Amino acid sequence: LAWSPHERNLLASGGGTADRSIKFWNAASGALINSVDTGSQVCALQWSPFEKELLSSHGFAENQLCLWKYPTMARVKEFKGHTSRVL
């Protein structure tokens, strides 16, 4: 889970091996704003305090870090090379 420092009530959550998605929620209303399939287990999420970007760490199947631009969720950068999940 990660609260956005840029938008009030915006919560990001990451799914496990079966779900593999990052979901964005309006915490005030409980509404799902968006869901993005990442292709692998989401282990952790961290918002940048300076840019509207979100860093995700992953396990099976890719074991990578991904930097995403919010709200488009365009992948800015991918960091591969870990042999097991990144916490």
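The structure under discussion appears in the preceding block.
Each chain carries its own residue numbering, running from 1 in the written order of its sequence. Note on the predicted model: pLDDT of at least 70 is required for a residue's local features to be given, and 80 or more for side-chain atom pairs to be given and counted; whole-chain, interface and lining totals, by contrast, use all residues. The side-chain numbers reported here are obtained from all heavy atoms of the structure, hydrogens and water having been left aside.

### Digging into the nonpolar core
In this description, a nonpolar core means a group of buried Ala, Val, Leu, Ile, Met, Phe, Trp, Tyr and Cys residues linked to one another through side-chain atoms lying within 4.5 Å. The buried label applies to any residue whose accessible area, calculated with a 1.4 Å probe on protein chains only, is under 20% of its type's maximum; exposed applies above 50%, and partly exposed to all values in between. Counting residues in hydrophobic clusters, the biggest one holds 14 residues, and the most contacted among them are I22, F24, L45, W47, L54 and M73. Put simply, DSSP marks the helices as runs of H or I at least four residues long and the strands as runs of E at least two long, and each gets a number from the N terminus on. Listed by contribution, the elements that provide at least two residues to this core are β2 (10-14), β3 (21-26), β5 (42-47) and β7 (65-69). With three residues, β5 is the single largest residue contributor to this core. We call two residues contacting when some pair of their heavy atoms lies within 4.5 Å. Not counting the four nearest positions on each side in its chain, L54 is found in contact with A12, I22, F24, L45, Q46, W47, C66, L67 and W68.

### As for the pairing of strand β6 (residues 53-58)
Most of β6 sits out of view: five of its six residues are buried. Any two strands are treated as partners once DSSP identifies two or more bridges connecting them. Taken together, the five bridges between β5 and β6 define a ladder with antiparallel strand orientation. By the bridge assignment, L45 is partnered in β6 with S56. Hairpin geometry of β5 and β6 is characterised by an intervening segment of five residues between the two adjacent antiparallel strands. Pairing of β6 with β7, which is carried by five bridges, proceeds in the antiparallel orientation. What sits directly across from L54, in β7, is W68.

### Details of unusual backbone geometry
Cis geometry is adopted by the peptide bond preceding A61, which originates at F60 and carries an omega value of 15°. Inspection of the secondary structure puts A61 in the loop between β6 and β7. Here the bond from Y70 into P71 is cis, since omega is 10°, no more than 30 degrees from zero. Along the chain, P71 turns up in the loop between β7 and β8 (74-79). The backbone of R20 shows a phi angle near 60°, a positive value even though the residue is not glycine.

### Focus: the side chain of N63
If you trace the backbone, N63 turns up in the loop between β6 and β7. In this structure the side chain of N63 is engaged in a polar contact, spanning 3.3 Å, whose partner is the backbone nitrogen of R85. Apart from the residues lying within four places of it in its own chain, the contact partners of N63 are H58, H82, T83, S84, R85 and V86. The term polar contact refers here to a pair of N or O atoms within 3.5 Å; inside protein, the definition further demands a hydrogen-donor-capable atom paired with an acceptor-capable atom, and it admits residues adjacent in sequence only when both atoms are side-chain atoms.

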